[in-house]
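Each chain, written out:
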Amino acid sequence: MRKSSRLILALDETDREKALDIADAVSGTVDAIKINWPLVLSAGPEMITELSRRSDVICDFKVADIPNTVHLIVDGALGRGASAVIVHSFTGSDSMKEAVDTAAGRGNIYAVTEMSHPGGKEFTAPNAEALALVGVRCGVKGFIAPATRPDRIAAIRKVIGDREILSPGVGAQGGSASAAISAGADYVIVGRAIYKSDDPSKVAGDIADEIRTVL
Ligand code: XMP
């Protein structure tokens, strides 16, 4: 994934044509497009391939399963053209290692540490450093840490060294792109603030400009 604007679009728009229009409008600005179950369930897994012609695609499938199932999901996503897959750490080292081994030479694995919504403080936040260490030991490319709590981005950074941090929670969830990058995130992930706006290209450009002010 290129590291230019440091902005990743979370494309949770469920209308296929609208999703492709938005992808076309912002693919020159964003460094990657992250897709999640809503778009895959509404438009089909072919969207992974379709979008991969426009941008790097991160499949945010939050995989949390036994190693064999993890293998099948990661293999399927990368086989359709994804560049990376997001998995949960709490399933433990064997599942995480299986994800990393399946992706080796084909793509990257990002691990969830602490989730960005308020409920993320209940179980994930108290265990985030330990969850991050599982990912470090298994060799993931990076981690997902919350833009809604920049202090927690800084805390995760201390545990993971120079591995990447992708940070969701900017815009609709209240986080700030510049604060997340200043706290140590490499990229921010932005969904509704871009894809629900009247002018996704302009909003993406504005967020990229904001990020540039703190680089
Ligand atoms: P919005 O519309 O809130 O979209 O900008 C955010 C996108 O990111 C996902 N998300 C997360 N993914 N860990 C993750 O792995 C998180 O803590 C997290 N918080 C939000 C969300 O599903 C949506 O696609």
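Residues numbered from 1 in each chain as written. Predicted model: local features only at pLDDT ≥ 70, side-chain atom pairs only at ≥ 80, totals over all residues. Heavy atoms only, no water.

Colleague: How should I be thinking about the site of the ligand in this particular structure?
Modeller: Around the ligand there are 18 residues in total, and Asp-12, Lys-34, Ser-116, Gly-191 and Arg-192 lie nearest to it. The separation between a nitrogen atom of the ligand and a polar side-chain atom of Ser-116 is 2.6 Å. In the environment of the ligand, an oxygen atom lies 2.9 Å from a nitrogen or oxygen atom belonging to the side chain of Gln-173. Its free accessible area being 510 Å², the ligand has 91% of it covered by the protein chains. When its residues are assigned to classes, the shell around the ligand shows eight nonpolar, four polar and six charged. (Near = heavy atom within 4 Å. Polar contact = N/O pair within 3.5 Å; in protein donor to acceptor, adjacent residues only side chain to side chain. Areas by Shrake-Rupley, 256 points an atom, 1.4 Å probe, with all protein chains shown as cover. Nonpolar A, V, L, I, M, F, W, Y, C, P; charged D, E, K, R; others polar.)

Colleague: Help me understand the sheet that holds strand S8 (residues 187-190), please; the structure alone is not making it clear to me.
Modeller: The sheet built from eight strands closes into a barrel, its strands ordered S1-S2-S3-S4-S5-S6-S7-S8 with parallel pairing. Mean inter-strand twist for the sheet, computed between neighbouring axes without regard to direction, equals 25°. Note: strand S1 (residues 7-10) against S8, three bridges, orientation parallel. Bridge pairing in S8 links Ile-8 to Ile-189. Strand contacts of helix H4 (residues 67-79): strand S3 (57-63), strand S4 (84-88) and strand S5 (108-112), with the helix running at about 165° to S3, the strand carrying the most contacts. Sheet strands touched by helix H10 (residues 200-212): S1 and S8. Its angle to S1, the strand with the most contacts, is close to 145°. (Pairing = 2+ DSSP bridges. Helix = DSSP H or I, 4+ residues; strand = E, 2+ residues; numbered from the N terminus. Axes fitted to C-alpha atoms, helices over the stretch in contact; angles between N-to-C directions. Contact = heavy atoms within 4.5 Å.)

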